Amino acid sequence: MTRRRYPRTPDGRYFVARNRLWRCTDPSLDETERTRLVKQLMDARRAVKHAETEAQRRRARGQVDQAKIGLGERGPVWWSDGAEDESRRKPDNTRYAQWWADLPEAQRRAGES
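1. Thoughts on the overall build of the protein
Here is step 1 of the chain: Scanning the protein for helices and strands turns up four helices and two strands.
Here is step 2 of the chain: Start at the N end of the protein and walk to the C end: the helices and strands fall as β-β-α-α-α-α.
Here is step 3 of the chain: Principal-axis analysis of the C-alpha atoms gives the protein an extent of 45 × 30 × 25 Å.
Here is step 4 of the chain: Per-residue burial over the protein gives 30% buried out of 113 residues.

Structural data, given as structure tokens:
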């Protein structure tokens, strides 16, 4: 399976997919911790998929959330300059609007799909 290359903001805080900003993993995580959390996330996503009851589904979604918080993709932001979290916003409605407008068409299309 090939990994899709979504456009990343110049500061490395977000990538763009489905025409929305999504927070990147905290780059200060050491490789061992990042790998552990990604495995935890994938296990939790599989648990959501295979849940047979609503209680199992809720528990698995909570595990997904905890892994994403650990990775820095949710919860408190991992940067320290006071910039607000712009996750899930369209890039053209954020401080990244000019960067987004200046991207080559092929890169913007990759982020819109």
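Having put the structure on the table, let's press on.
2. Structural notes on the pairing of strand 2 (residues 20-23)
Here is step 1 of the chain: Residues of strand 2 alternate between two faces, with Leu-21 and Arg-23 buried on one and Arg-20 and Trp-22 left unburied on the opposite face.
Here is step 2 of the chain: The pairing of strand 1 (residues 14-17) with strand 2 spans four bridges and is classified as antiparallel. Pairing of Ala-17 across the sheet is with Arg-20, part of strand 2.
Here is step 3 of the chain: Hairpin geometry of strand 1 and strand 2 is characterised by an intervening segment of two residues between the two adjacent antiparallel strands and by a positive phi of about 55° at Arg-18.

3. Re the packing of helix 1 (residues 31-50) against helix 2 (residues 54-71)
Here is step 1 of the chain: Direction vectors running N to C along helix 1 and helix 2 enclose 160°, while the axes themselves pass 8 Å from each other. On the basis of their axis angle, the class for helix 1 and helix 2 is roughly antiparallel. Taken as a pair, helix 1 and helix 2 cross one another with a handedness that is left-handed. Residues Arg-34, Leu-37, Val-38, Gln-40, Leu-41, Ala-44, Arg-45, Ala-47 and Val-48 of helix 1 form the contact with helix 2, whose own contacting residues are Arg-57, Ala-60, Arg-61, Gln-63, Val-64, Gln-66, Ala-67, Lys-68, Gly-70 and Leu-71.
Here is step 2 of the chain: Here the residues of the contact of helix 1 with helix 2 sort into 10 nonpolar, four polar and five charged.

The rules behind each value
Numbering of residues starts from 1 in each chain and follows the order in which that chain's sequence is written. With the structure being a predicted model, the display of local features is reserved for residues of pLDDT at least 70 and the display and counting of side-chain atom pairs for 80 or more, all residues being used for whole-chain, interface and lining totals. To obtain the side-chain values, all non-hydrogen atoms of the structure were included, while hydrogens and water were left out. Here a strand is any run of E in DSSP of at least two residues, a helix any run of H or I of at least four, and the numbering for each starts at the N terminus. Residue exposure (1.4 Å probe, protein chains only): buried if accessible area is under 20% of the type maximum, exposed if over 50%, otherwise partly exposed. Two strands are counted as paired when DSSP detects at least two bridges linking them. Only C-alpha atoms enter the line fits that serve as axes; for helices the fit covers just the stretch in contact. Angles between N-to-C directions range over 0 to 180 degrees. The labels follow the angle: roughly parallel below 35 degrees, roughly antiparallel above 145, roughly perpendicular from 65 to 115, and oblique for the rest. It is the rotation of the near helix from the far one that decides the hand of a crossing: anticlockwise by less than a right angle makes it left-handed, clockwise makes it right-handed. Contact between two residues is taken to exist if any of their heavy atoms lie within 4.5 Å; hydrogens are not considered. Ten residue types, Ala, Val, Leu, Ile, Met, Phe, Trp, Tyr, Cys and Pro, are classed as nonpolar, four, Asp, Glu, Lys and Arg, as charged, and the remainder, Gly among them, as polar.

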